[in-house]
Structures are given as C-alpha cells and as structure tokens.
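# Structural characterization, general
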Amino acid sequence: MNFERIKEKLSILADAAKYDVSCSSSGSKRTNKNKGLGDSSGMGICHSYTEDGRCVSLLKILLTNHCIFDCAYCVTRKSNDIKRAAFKVQEVVDLTIAFYRRNYIEGLFLSSGIFKDADTTMERLVQVAKKLREEENFNGYIHLKSIPGASDELMREAGLYADRLSVNIEIPSETGLKLLAPDKKREDFIKPMQKVKNEIIQYKSEKKLIKSTPIYAPAGQSTQMIIGASGETDAEIMYTSAYFYKQFNMKRVYYSGYIPISYDTRLPSIGTEVPMLRENRLYQTDWLLRFYGFDIRELLNKEYPNLDSDIDPKLSWALRNLQLFPVDVNKADKNMLARIPGVGMKSVHKIIQARRFRKLNWEHLKAIGIAMNRSKYFMVCDSNKFERKDRTAAQIKSLILQHSASKYNTTYNQQLNLFSSIETPVAV
Amino acid sequence: MMTKLIYDGTFEGFLTAIFQVYEEKLTNICIERKELATETFFSEYTLVTTDVCKANRVWKGLSRYCAAEGKNNIYKAFLSECDGIENTLYHYIQRSLSEKQNIAKDYADPEILKIAKTVRMVNREKHRMDAFVRFRLTKDGLYFATVSPDFNVLPLNAKHFKNRYADQQWLIYDLKRNYGIHYNLKEVYYINLQLSEEVNNTSKATYYFTEEEQAFQELWKKYFTSTNITSRKNMKLHVQHIPKRYWKYLSEKTPNLKK
Ligand code: SF4
C-alpha cells in the first residue's frame, strides 16, 4: 500500500462524503459466519466523535468525486474547481479491513460521484461490497449509496451484499429540485427506492419458506433531505418525509442543515449560518412520528406550517390541546403518557413499571428521573399538590421558558445530542 | 450489634457472604471488601472464606425470584466496585427472597433505584470499551489494546469482541486492575502480565508493533479530521461524548508528533 497516496485520496474523498449525515450502523441482523471477520447484529457503535460532536461509526467515503452532474448544492458538482481523486476497488477493501480489525469502525459507507454514467458507478460500488463479503468474509456493516438511475439488476445485486441502501432526495420539493439540480429527475430517485422496497419484501417472504434464502439489505433503506437550501416550509418537508416512510418503508429520513458551499445566487450565500436549530426541531418531529404515536397532521398543518423555534414540537402541540391535560400518571395509558411534554419514552416505560408496585407521587417521579420543568403543568399524581390554576397556553409557555436555565443553550445542546445519537429515541 | 462480613472482593466471595448470612441467620449486617474494610470498636467482624459451592447455591437460588435480568443486574452492579454496593445488593436479595416476587422494577424503593442507576453506569462503561478500544498490531500478529475503565467491565466485553474478531488473536488489558482478556482463536481467557510501562510509549512503538501499524494510525487520524465539519464545531459536545480521560487510548486524539 502506498500510504502517502492513500492518505491524500482519503482526505479528499472523506471530505467530500462528510455532508451525508447518516452515521447509523444498527438494524442489521448479520452475524459472524464461519469464524470470519465482523458482526453487525448488535446496536451500532459510535467509535469516536468528531469535533462537531457527530458520531463516527463508519468509514464514510466517496469512491470518486469525479462527477458528470452539476447539482448546485453539492461540493462535488462538475463546475466546482476542486481537487479530484478516485480510489481503486481494492484500496477501499483494504482500508476498510485494516480499520475494522483495529476497532476503529463498524463498517463502510460508500458513496460516489457519478462518473461516466449511473450504471458504471453503481457497478463499481457493488464490486467493493462483493469483494468484502466474498473474498474477505467480512460481516461488518456496509451501507451503499444507490446511484439515481441505476438499473434494477444492479440494485438487486447491491442489496445482497449491503446492509443498508440509500438514495438521497436532498431537495424536498420538485420545484426546488428543478431549480437546483436540473439534470436530475425525481423518478430517478424513486425508481431504485421502489426496487429496493420490493426486493426486501420479496426476499423476506421467500425466507419464510426457504431458510437458505440470502438476506437482502437487512438494515433497510434511508434517505436525506437538505434543509434550508430551497424555500420549503417545515410542513412540506415533514409531509414529504412521512410519505417516504410510508411509501418505501424507510428506516430513517435524515435532515441535514444546508452548509453554504457555493456563491451560486440560487442558494444561501457563504457565511449564512447552518440552520441547526431548525434541523433539530425536524428531528424531534420525526421522533414524535416514529416513536410517540403522533400523526403528522397533529403537528403540522395549514394553520401551523412551521415548527416553533423557541419550544419543542411536543410542547407546542400540548399547548394547543390543553383540554387533554392534566394526565394522571397513575392511570393514563402508554399513549397518553408519551404525550406529556418533557416525558420521554424511557420515562414512560419506567412509570408503567413502577406504578405496578405503588401509586407514584412527585418524589417518586423525580427519583425516576423525570424533568419537572415542562411536565409538571401537564400531569397529576398521587399527591394533592399540583398545579391547580387554570392557566392559558401563553402563561404556561412563559413560565416554562422563564425556568429553563438558558433556553437557547438547552435547546441547542439537546439538538446536538439528538443529532449525534444513533438509533435511540431521545426525550422530547 | 452489627456484624461485619469481610470478603475477598470476588463475586464468589460476595455470594458466599450472602450464604453465610442466611445460614447463620444473621441480622443487622454489613458486607465489606477486604481492601476497604476498616476496623471499628462497635462491630464484630467475620472473615468470609470464599466457597464456590456455596456461591453457586446462592446464585441458583436467586433464579427463582430475580429472573435472568435481575441476576444480571446483581452481577453488573457488583462490577461497579462502588463503596457499599454489597449492602445495596443484600437489601435487594433480601427483599426478593422474603417477598417472593420480582422487585427489580420497584423504582420507588431508593435502593432498587440505586442498583438500576449503577447498572446503567456499568453498561455505559462497557459500551465505551466496545467503542474506544483501539487495537494495535504487534509483531507477533496479536491485536493489542490497553484500557483502564472506571468500573471492572472487561468480563462483560469478552463476548462482544469474541463474536466480532473471531479470526484474529487479540488481547485487551486493564492497566488499572492488572489483568486482561485474551482470545486465542478458540476461547477467551483471563490473563495476568508483567507489562512493561514502555508499551504505550510512542518512541518504543516500532519495537513492539509492525511497521505498518503507525501508518494505519495516521490514516485513521487523517480520516478523523477530514470527516469533521468545521462550521458545526462544538467542542463541548465532543468532550461530553468522549470525556478527556479516554483520549489517551484513542489514536485519533493523540497530538501529531513533530519530528
Ligand atoms: S450527482 Fe451527486 S455527486 Fe454529482 S453533483 Fe449531484 S449530488 Fe453531487
């Protein structure tokens, strides 16, 4: 291995890949086979954290940053004057194995600029995964990017070696896409997604009949949207997201605050702040949909097209629906407990367990670890001390904001915690 | 008068102490590790002789009311080595046996809550070790790492590493407790070594480790810096995820050597 040359390629191709925020390495069921290398059956592990506080769990690189397309929001775009490089298939294989054996990573996340055409690029990505599985007996995690426009045949092969496949739609609306990536068509994204979805369903049902059926993309598929590059509302973004979850059985939709990388006037100019708080609110909403039993229409609709920035989406919802509160923590069902602002899913489970032994009072709730600042206005327990006053939503909101030590700091930190956490739901 | 039971610090020793409590029908007791035990004038103390048979009987007996999860929690909380954890665990065992039911989730009992919290801390440290172990390839073909976890978690890590690195020899050594776990391509063994202090000394690296080892560490470090997004920098969060006491084991966090 020519270490100097590899080092240079690595710095270019890791730098170009870093804007894809997916870092997940969990959800696969691939176990170690025949005493080979690796196992990805557990929860993904963050082996390190970058200085921006994000999890490092996969070797995330592009195979090459040569690209025939010119998407305005992308550093790799054809018209951008940057250094270009390309890895050889074997180089990626060797690097992945060497890093994995040293316990640096959970596996590989390989994406690529589109050189020549979609199929040639996709084929090369598949080659890397195939080599890792077949020649190196590697059972670590592999996430491959599906190249928009790649053929069904290649997508089928990709899923046989990869744990996860993803196509990033990047721009939430079709008009935005037309403006910023005129060479790309929405169908080109949808087609591989549809193919992957169908294959997953088919392989699963075959596996039920024939045990030896190979697993197909066991960690499912994901996608990413860039936030704040084109003018969509939060409602447009989240309805798109809800559609992708439903239509393609997405495991995850990622939201990535646009990082200004271009002087193109169609985009926010360089120096514009990364919309991290907004990104956080979208993730919170996403969590509420997936783990807390909310319907998107409850959180965002014609009257409320955008999320509040000063309070989290669950609190906003509760303030609009005060008639449903206070909730009795000793009686309410799981669904309703999960809707109390400030009470996360973990706390919900603890309450349900602990109340089997005795009726819970404020002390118990505090000891279990429930943050009272937000929740106390929305629940009652085994105590006659509770918030009796009939307060208006505005009053409650201002009381809560007053008592958050530093409201921007708390939301800001929470946001980043959420952002870097892997698949664990975080209290919202 | 309080009876103090002093045991050798092993898990079997602790379970033997519990056995003794029930056999001798002792009440008002306190269990302490030998290295921490202090003599006082106000209590009697008994030295417990570790007996694997007795320990096993207690361990089996616990299955009835504690279930696998409860037993796991007892073991994990014990590994925390926290002061006084033995007495908290005794309280838990006593309640389980006398109430004849699984009380693991009775979080409104402060001692039970304490066990749950301790288990969480131990689990967290275990996961940190899964994540932060950095193997270096020695000239003998052994993937070698040193750690010094806050709690005695290596016994919990063995399975994870065995499943994952089934085709390579590895050794993870706890410098604080002076023992390690070693996998020889078949089984994982506990091992005690006379480790030279030099082994973590960068200037001696070429003596112990392969030539390529250093190059891979540099590639990793290069990757680590290239994948960072500077406009999102947040050191507070960074340190929260990787507390500074772990940095010394992470090759990506060691400063660049100026030649
Ligand atoms: S096709 Fe992909 S790599 Fe190429 S410019 Fe568009 S987004 Fe960037």
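Residues numbered from 1 in each chain as written. Chains lettered and ligands numbered in written order. Predicted model: local features only at pLDDT ≥ 70, side-chain atom pairs only at ≥ 80, totals over all residues. Heavy atoms only, no water.

### Looking at the domain arrangement of chain B
Residue and element names in this part refer to chain B.
- Assigned domains within chain B: domain 1 (2-124) and domain 2 (133-253).
- With centres defined by C-alpha atoms, the gap from domain 1 to domain 2 works out at 33 Å.
- Contact with domain 1, which involves eight residues of that partner, is made by six residues of domain 2.
- Summed over both partners, the interface of domain 1 with domain 2 buries about 640 Å², with 66% contributed by carbon and sulfur atoms.
- Together, Leu79, Glu81 and Val122 form the three largest contributors to the area buried by domain 1 at its contact with domain 2, with a combined 58%.
- Put simply, Glu81 and Arg177 hold a salt bridge, and the shortest N to O gap is 3.2 Å.
- The tally of links from domain 1 across to domain 2 stands at two residue pairs in polar contact (both at pLDDT 80 or more). (Domains from an automatic or database assignment. Contact = heavy atoms within 4.5 Å. Buried area = accessible area lost by both parts, 1.4 Å probe. Salt bridge = Lys/Arg side-chain N within 4 Å of Asp/Glu carboxyl O. Polar contact = N/O pair within 3.5 Å; in protein donor to acceptor, adjacent residues only side chain to side chain.)

### Some thoughts on the interface of chain B and chain A
- With 61 residues of chain B in contact, the opposing surface of chain A contributes 60 residues.
- Taking both sides of the interface into account, the surface hidden between chain B and chain A amounts to around 5,400 Å²; carbon and sulfur atoms contribute 57%.
- Sorting the residues of chain B by area buried against chain A places B:Arg164, B:Tyr223 and B:Arg232 first, and these three jointly supply 16% of that buried surface.
- Along the contact surface separating chain B from chain A lie seven salt bridges.
- One salt bridge connects B:Arg164 with A:Glu106, and the closest N-O pair in it is separated by 2.6 Å.
- The interface formed by chain B and chain A holds 30 residue pairs in polar contact (both at pLDDT 80 or more) in total.
- Contributing elements (two or more residues each) for the side of chain B that touches chain A: α4 (110-132), α5 (154-164), α7 (211-226) and α8 (235-241) of chain B.
- If one sorts the elements of the side of chain B that touches chain A by residue count, α7(B) sits on top with twelve residues.
- Here the side of chain B that touches chain A is built from residues that sort into 26 nonpolar, 15 polar and 20 charged. (Helix = DSSP H or I, 4+ residues; strand = E, 2+ residues; numbered from the N terminus. Nonpolar A, V, L, I, M, F, W, Y, C, P; charged D, E, K, R; others polar.)

### Here we look at the site of the ligand
- The full set of residues close to the ligand is A:Cys67, A:Phe69, A:Cys71, A:Cys74, A:Thr76, A:Arg77, A:Gly113, A:Ile114 and A:Lys184.
- Mapping the ligand onto the cavity grids shows that it belongs to the largest cavity. (Near = heavy atom within 4 Å. 1 Å grid on protein atoms, 1.4 Å probe; cavity = no way out; pocket = protein on both sides within 12 Å on 5 of 7 lines; lining within 4 Å. Sits in = over half its atoms within 2 Å of the grid points.)

### Remarks on the sheet that holds strand β7 (residues 179-183) of chain B
Residue and element names in this part refer to chain B.
- Taken together, the five strands give an open sheet; going across it, the order is β4-β5-β6-β7-β8, and neighbouring strands pair in mixed fashion. Edge positions in the sheet fall to β4 (136-137) and β8 (188-191), since each has one partner strand and no second.
- Note: strand β5 (residues 143-147) against strand β6 (residues 170-174), five bridges, orientation parallel. In the strand pairing of β6, Thr146 is matched with Tyr173.
- In the packing of α5 onto the sheet, contacts are made with β5, β6, β7 and β8, and the angle to β6 comes to roughly 165°. (Pairing = 2+ DSSP bridges. Axes fitted to C-alpha atoms, helices over the stretch in contact; angles between N-to-C directions.)

### A short note on unusual backbone geometry
- The step from A:Phe325 to A:Pro326 runs through a cis peptide bond, and the omega angle for that step is 0°.
- Structurally, A:Pro326 is set in the loop between α10 (313-320) and β9 (327-328).
- Here B:Ala67, not a glycine, exhibits a phi torsion of approximately 60°, which is positive.

### Examining the pattern of salt bridges
All names here are of chain A.
- On inspection of all chains with the given rule, the structure shows 39 salt bridges over all chains.
- The salt bridge involving Arg186 is made with Glu174; its shortest N-O contact spans 3.9 Å. Of the two residues, Arg186 is situated in helix α6 (residues 186-209) and Glu174 in helix α5 (residues 174-180); the sequence distance between them amounts to twelve residues.
- You can call Arg186 buried: its relative accessible area is 17%.
- Across the salt bridge formed by Lys195 and Glu199, the nearest N and O atoms sit 2.7 Å from each other. You can see Lys195 and its partner Glu199 sitting in helix α6, four residues apart, about one turn around the helix. For the pair formed by Lys195 and Glu199, the shared burial category is buried. (Buried < 20%, exposed > 50% of the residue type's maximum accessible area, 1.4 Å probe, protein only.)

### Quick word on the nonpolar core
- A:Ile61, A:Phe99, A:Leu365 and A:Phe378 are the most contacted members of the largest nonpolar core, which has 168 residues in total.
- When near neighbours in sequence (up to four residues on either side) are disregarded, A:Leu365 contacts A:Val329, A:Ile351, A:Leu360, A:Ile370, A:Met372, A:Met379 and A:Cys381.
- Ranked by size, the runner-up nonpolar core spans 30 residues in total, among them B:Val21, B:Leu26, B:Ile74 and B:Ile103. (Core = buried A, V, L, I, M, F, W, Y, C linked by side-chain atoms within 4.5 Å.)

### A short note on the confidence of the model for chain B
- Across chain B, pLDDT averages 88, with 95% of residues at or above 70.
- For this predicted complex, the interface score ipTM comes out at 0.89, while the overall pTM is 0.86. (pLDDT = per-residue confidence, 0-100.)

### Let's talk about the sheet that holds strand β3 (residues 58-62) of chain A
All names here are of chain A.
- Overall, parallel pairing links the six strands, which are arranged β3-β4-β5-β6-β7-β8 in an open sheet. Each having just a single partner strand, β3 and β8 (252-257) make up the two edges of the open sheet. Pairs of neighbouring strands in the sheet enclose a mean axial angle of 20°, with direction left out of account.
- Where strand β4 (residues 107-111) lies against strand β5 (residues 141-145), four bridges are found, and the strand directions are parallel. Residue pairing in the sheet places Gly107 in a bridge with Tyr141 of β5.

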